[in-house]
Amino acid sequence: MPLSEFDIDACLAALNAGVQGHWPTIHMVAMAECNSTNSQLMLLAEDNAATGTIVVSDRQTAGRGRRNRPWISAPHDSLTFSVLWRFPADSPAPVALSLAVGLALQRALATSGALVSVKWPNDILCQGRKLAGVLIETQPGDIKSAVIGIGINLRLPANLPKDVAANAIALDEAMPLVPGRESLLATLLQQLRTTLTQYGNEGFASLREEWQGRHAHENCEVKISGGSENLHGTCFGVTDNGELLLKTADGVRRIISGDVSLRTA
Ligand code: BTN
């Protein structure tokens, strides 16, 4: 197996040069190729890897998305990585973690100059199209240890299926100069650390207003599909538990799973 082209030392130097404090651990694994960084990190987590452990890969052969979908990404044209985050055993269940992660990505990309918004529960949109996705998995029997997998398009792969390409966007369309993977990852990790620490200490209630302010579909008519039932209505925020609030003809519904899409006339 060839060595990864990802420069761990450059990334860690950028990460620890941040003014916001040090990353909890410097255990970063860079792979030239793997099935999925989430799968690799789940194995390390089972082996007691410390909070803050990171796996980044140039190429994934079986990248996974939410709801059992594949995640397609081209080597060098995307940043694919996973972070292990362990919350204290006596902390509340991290039920709104996916929204907190989405907000962390939004914050980081905004400071890098990209105009992005959050889509419930945790996609990142730019110009209404998907720029990044998040897949959070927990260790069996331990919901406080989360493997947070993130895929960000730097440039769109040429072989993307047409229907996916129509709804996708990459950083090269969102900002004038796409940062290198090392400095982008450092920026994202700094913001993940800040946001997840706040989330762990104060809960999602402390992030909720900001999340709603960045919500791509706030006050929009949407369809919810793929959950327990198909619904349509108007989004009006989220709860402290991360449920999406939907005003429907039959009253207010709290959505806990499903795909949100804009309702066209
Ligand atoms: C989604 O939007 O459906 C979630 C996509 C998550 C993709 C990332 S890429 C790094 C990590 N490894 C995976 O197999 N999936 C996540």
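Here the structure is shown first, and the text comes after it.
Residues numbered from 1 in each chain as written. Predicted model: local features only at pLDDT ≥ 70, side-chain atom pairs only at ≥ 80, totals over all residues. Heavy atoms only, no water.

Trainee: Break down unusual backbone geometry for me, with residues and values.
Mentor: Cis geometry is adopted by the peptide bond preceding Pro121, which originates at Trp120 and carries an omega value of 0 degrees. On the secondary structure map, Pro121 appears in the loop between β4 (117-119) and β5 (123-126). A positive phi angle is found at Asn48, which is not glycine, with a value near 70 degrees. (Helix = DSSP H or I, 4+ residues; strand = E, 2+ residues; numbered from the N terminus.)

Trainee: Outline the packing of aromatic side chains, supporting the account with residue identities and numerical values.
Mentor: The final tally for this structure, using the stated rule, is 1 aromatic pair. Over the ring of Phe236 we find Lys247, and its NZ or CZ is 4.8 Å from the ring centre. (Phe/Tyr/Trp six-rings, centres within 6.5 Å; stacked < 30°, edge-to-face > 60°. Lys NZ or Arg CZ within 6 Å of the ring centre and 35° of its normal.)

Trainee: Now, about the site of the ligand: what can you tell me, with residues and values included?
Mentor: The environment of the ligand is made up of 20 residues, and the closest members are Ser36, Gln60, Arg64, Arg66 and Lys130. A distance of 2.8 Å separates an oxygen atom of the ligand from a polar side-chain atom of Ser36. In this structure, a nitrogen atom belonging to the ligand sits 2.9 Å away from a side-chain N or O atom of Gln60. Protein chains bury 98% of the 410 Å² of accessible surface belonging to the ligand in isolation. Elements that contribute at least two residues to the shell around the ligand include exactly α2 (37-46), β3 (78-86), β6 (129-139) and β7 (142-153). The element best represented in the shell around the ligand is β6, accounting for 4 residues. (Near = heavy atom within 4 Å. Polar contact = N/O pair within 3.5 Å; in protein donor to acceptor, adjacent residues only side chain to side chain. Areas by Shrake-Rupley, 256 points an atom, 1.4 Å probe, with all protein chains shown as cover.)

Trainee: Account for the packing of helix α3 (residues 97-111) against helix α6 (residues 181-202), naming residues and giving values.
Mentor: Two measures define how a pair of helices packs: the angle their axes make with one another and the distance between the axes. Where α3 contacts α6, the axes come no closer than 8 Å and their chain directions differ by 135 degrees. Classified by the interaxial angle, the pair formed by α3 and α6 is oblique. Crossing of α3 over α6 shows right-handed handedness. Taking contact as the criterion, the partners of Leu97, Ala100, Val101, Ala104, Leu105, Arg107, Ala108, Leu109 and Thr111 in α3 are, on α6, Leu184, Thr187, Leu188, Gln191, Leu192, Thr195, Leu196, Gln198 and Tyr199. Looking at side-chain class alone, the contact of α3 with α6 contains 12 nonpolar, 5 polar and 1 charged residues. (Axes fitted to C-alpha atoms, helices over the stretch in contact; angles between N-to-C directions. Parallel < 35°, antiparallel > 145°, perpendicular 65-115°, else oblique. Left-handed = near helix turned anticlockwise from the far one by under 90°. Contact = heavy atoms within 4.5 Å. Nonpolar A, V, L, I, M, F, W, Y, C, P; charged D, E, K, R; others polar.)

Trainee: Break down the sheet that holds β5 for me, with residues and values.
Mentor: Ordered by their spatial adjacency, 7 strands build an open sheet running β1-β2-β3-β7-β6-β5-β4, and the pairing between neighbours is mixed. Either end of the sheet is taken by a strand with one partner, and the two such strands are β1 (28-34) and β4. On average, each strand axis in the sheet is tilted by 25 degrees relative to the strand beside it, whichever way the strands run. With 4 bridges joining them, strand β2 (residues 54-60) and β3 adopt antiparallel strand pairing. The residue bridging Ser57 from the neighbouring strand is Thr80, located in β3. α3 contacts β4, β5, β6 and β7 of the sheet and is inclined by roughly 140 degrees relative to β6. (Pairing = 2+ DSSP bridges.)

Trainee: Outline the packing of α3 against helix α7 (residues 205-213), listing residues and values.
Mentor: Interhelical geometry of α3 versus α7 gives an angle of 55 degrees and a closest axis separation of 10 Å. The angle between α3 and α7 falls in the class oblique. Once α3 is placed against α7, the crossing between them reads as left-handed. Here α3 contributes Leu99, Ala100, Leu103 and Arg107 to the contact with α7, which in turn contributes Leu207, Glu210 and Trp211.

Trainee: Which residues make up the nonpolar core, and what values go with them?
Mentor: Counting 60 residues, the largest nonpolar core has Phe81 and Leu171 as the members making the most contacts within it. For this core, the element with the highest residue contribution is α3, accounting for 9 residues. Once residues lying within four places of it in the same chain are set aside, the contact partners of Leu171 are Leu109, Ala114, Leu131, Ile152, Asn153, Leu154, Val178, Pro179 and Leu184. Judged by nonpolar contacts, the second largest core, of 7 residues, contains Ala45, Ala49, Val55 and Leu84. (Core = buried A, V, L, I, M, F, W, Y, C linked by side-chain atoms within 4.5 Å. Buried < 20%, exposed > 50% of the residue type's maximum accessible area, 1.4 Å probe, protein only.)

Trainee: Help me get a handle on the environment of Ser112, residues and values and all.
Mentor: Here Ser112 is to be found in the loop between α3 and β4. For the pair Ser112 and Leu177, spaced 65 residues apart in sequence, the C-alpha to C-alpha distance is 9.7 Å. Contact partners of Ser112, with chain neighbours within four places excluded, come to Met175 and Thr187. Within the local environment of Ser112, its side chain forms a polar contact with the backbone oxygen of Ala108, the two atoms lying 3.1 Å apart.

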